[in-house]
Amino acid sequence: MIKKAVILAAGEGTRLKPFTENAPKAMIPVANKPVLEYVVNALVKSGIHNIVIVIGYKKESILEYFGDGNRFGAEIEYVTQKEQVGTAHALLQAEEYMGEDGFLVLPGDNIIDEKGIIPLIKEKHEMVLLVKKHSQPSKYGVVEIEEGVVKNIMEKPVEAKSNIVSTGIYKLDKKIWGILHDCAKKGIYDLTNVIQEAIGRGHILKAVENEGKWMDIVYPWDLIHVNAKILQEISYSTAGKIEENVVIKGKVCIGEDTVIRSGCYIVGPVVIGKNCEIGPNVCIFPSTSIGDNVTVNPFTEIKNSILMEGVSIGSNSLILSSVIGKGCFIGTHFSTISGGSILKIGDEYTEVENIGAFVGDGTVIKSNVVLRPATRIGVECEIEVGNVVGGDIRSRCKVV
Ligand code: G1P
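Here the structure is a predicted model, which is why all the values come from computation and not from measurement. (Residues numbered from 1 in each chain as written. Predicted model: local features only at pLDDT ≥ 70, side-chain atom pairs only at ≥ 80, totals over all residues. Heavy atoms only, no water.)

Participant: Which residues make up empty space enclosed by the protein, and what values do they have?
Facilitator: Under the criterion given, the structure shown has one cavity of 30 Å³ or more. In this structure, the largest cavity encloses a volume near 50 Å³. Around the largest cavity sit Phe19, Ala23, Met27, Ile28, Pro29, Met308, Lys326 and Asp361, which together line it. Across the lining of the largest cavity, the residue classes tally to six nonpolar, no polar and two charged. (1 Å grid on protein atoms, 1.4 Å probe; cavity = no way out; pocket = protein on both sides within 12 Å on 5 of 7 lines; lining within 4 Å. Points joined across faces, edges and corners; volume = space filled by probe spheres on them. Nonpolar A, V, L, I, M, F, W, Y, C, P; charged D, E, K, R; others polar.)

This is how it looks when you write it as structure tokens:
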């Protein structure tokens, strides 16, 4: 029986910038929990408590949050991948922790639940890949399967031969270490290629279809969609102080020491963290996550958005389908416009719909600023009074 797992969380997640400038992708919060916490929880619920996390880029945030894992019912150990050269290289760092035993490998930046993991553990075969049908297979490793056995994995092909993709979640055994070493000698550092090599050598890789949850966050706008889906599952719980004349409808979670002032109108699913100050007269509409230590001043409306911890929003503001990074300070009469746009990430152009703005950590936006649809602002920028901003603003820039 499988008892151990390796989670690969060393990567940066460049396509998620600006939110990965100060934290690895695995630590980006969705419904107020880092993505990696969903992975750890799924493993613990599947009966796997011995977890090795491969860390690298901005590793301190992971170490600080997860510590020895006790808080999550797990025993977590860490290995560092000094250079982020690939997933196979990352996995190789965990070799001595796994030894002779079979184990699971999971990306730390995809949301998964135990419904996917348990059948993978139960499958008798030693090497198994968890696969999932997907409407946009070309974004992933596309898997060709014959009689339940993986014949080929094609990494992000222009034309996909099937609609079944690799979740990047494997059950593997000690046979993989030799293949990983051989591949490393040839400069192959990517796990998909190593698995392909194993298949080429005649090893059987079974495919198990994931019947549970699996959500990938690649681009900033994915955060909004995934947050909305995860929020569907929260249950009502309120702590803190709720003043008179507050209306709360649907599933709403309010953290300790938070004050919801009179006249607020909150329609769930909404999660609000600890020690926040909301209102008076603030409207929060569905699919919104508000982190710890956030202040929202009077007459502001927020919908379908993520406000990370330590954000302050001025009065009379409108935040729609947007993500506001940690510690942003936003003045009064701030508006995001939700709409369609074409965004360039790396060399790719993507068309998005109904998207507001993405604002990186520690940015200061003075009063009366308007952000056009799909505006991306980097970390620690400063936007002066009254600007109408669109497109991409690089980190630490000033818009006067
Ligand atoms: C990686 C794998 C890919 C898999 C995907 C799942 O891609 O290379 O085969 O389908 O994870 O999320 P990446 O997320 O690095 O683009």
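Participant: Could you give an account of the pattern of salt bridges, with specific residues and numbers?
Facilitator: Scanning the model with the defined rule gives 18 salt bridges in all. Taking the shortest distance from any N to any O, the salt bridge between Arg376 and Asp392 comes out at 2.9 Å. In this pair, Arg376 sits in strand β37 (residues 375-377) while Asp392 sits in strand β40 (residues 392-393), placing the two residues 16 residues apart along the sequence. (Salt bridge = Lys/Arg side-chain N within 4 Å of Asp/Glu carboxyl O. Helix = DSSP H or I, 4+ residues; strand = E, 2+ residues; numbered from the N terminus.)

Participant: Tell me about unusual backbone geometry, and please be specific about residues and values.
Facilitator: Note on backbone geometry: most residues besides glycine have negative phi, and most peptide bonds are trans. Residues Gly268 and Pro269 are joined by a peptide bond in cis, for which omega reads 5°. Topologically, Pro269 is positioned in the loop between β19 (265-267) and β20 (270-272). Residues Gly279 and Pro280 are joined by a peptide bond in cis, for which omega reads 5°. A positive phi angle is found at Lys58, which is not glycine, with a value near 50°. For Lys58, the position within the fold is in the loop between β4 (50-55) and α2 (60-66). The exposure class of Lys58 is partly exposed, given its relative accessible area of 34%. Phi is positive for Asn368, which is not a glycine, with a value near 60°. Examined against the element boundaries, Asn368 turns out to sit in the loop between β35 (364-365) and β36 (370-371). Classification of Asn368 as partly exposed rests on a relative accessible area of 39%. (Buried < 20%, exposed > 50% of the residue type's maximum accessible area, 1.4 Å probe, protein only.)

Participant: Describe the environment of Ser289, with residues and values.
Facilitator: Topologically, Ser289 is positioned in strand β23 (residues 288-290). Taking C-alpha positions, Ser289 is 10.0 Å from Val252, a pair spaced 37 residues apart along the chain.

Participant: Which residues make up the site of the ligand, and what values go with them?
Facilitator: Taken together, Arg15, Asn110, Tyr140, Gly141, Glu155, Lys156, Ser166, Thr167, Thr192, Trp214 and Asp216 are the residues near the ligand. At a separation of 3.2 Å, an oxygen atom of the ligand approaches a polar side-chain atom of Arg15. In isolation the ligand offers 380 Å² of accessible surface; the protein chains occlude 79% of this area. Those elements giving two or more residues to the shell around the ligand turn out to be β11 (164-172) and β13 (214-216). (Near = heavy atom within 4 Å. Polar contact = N/O pair within 3.5 Å; in protein donor to acceptor, adjacent residues only side chain to side chain. Areas by Shrake-Rupley, 256 points an atom, 1.4 Å probe, with all protein chains shown as cover.)

Participant: I'd love a proper account of the environment of Glu123, names of residues and values included.
Facilitator: Residue position: Glu123 is located in the loop between α5 (114-122) and β8 (128-133). Distance from Glu123 to Met308, taken between C-alpha atoms, is 39 Å for residues 185 residues apart in sequence.

Participant: Give a detailed account of the nonpolar core, specifying residues and quantitative values.
Facilitator: Generally speaking, a soluble globular protein has its nonpolar side chains buried in company with each other. Counting residues in each nonpolar core, the largest one holds 36 residues, and the members touching the most others are Ile53, Leu104 and Leu106. The element that contributes the greatest number of residues to this core is helix α1 (residues 35-45), accounting for six residues. Once you skip the residues sitting within four places of it in the chain, Leu106 turns out to touch Ala5, Val6, Ile7, Leu8, Val39, Leu43, Ile112, Ile117, Gly168 and Ile169. (Core = buried A, V, L, I, M, F, W, Y, C linked by side-chain atoms within 4.5 Å. Contact = heavy atoms within 4.5 Å.)

Participant: Can you tell me about the sheet that holds strand β26 (residues 306-307), naming the residues and giving the values?
Facilitator: Taken in spatial order, the nine strands of this open sheet run β14-β17-β20-β23-β26-β29-β34-β37-β40, and their pairing is parallel. The sheet is open, and its two edges are formed by β14 (237-238) and β40, each paired on a single side. Pairing geometry for strand β34 (residues 357-359) and β37, over three bridges, is parallel. Residue pairing for β37: Val359 is matched across the bridge by Ile377. In this fold helix α8 (residues 220-231) packs onto β20, β23, β26, β29 (323-324), β34 and β37, with an angle of close to 95° to the strand it touches most, β23. (Pairing = 2+ DSSP bridges. Axes fitted to C-alpha atoms, helices over the stretch in contact; angles between N-to-C directions.)

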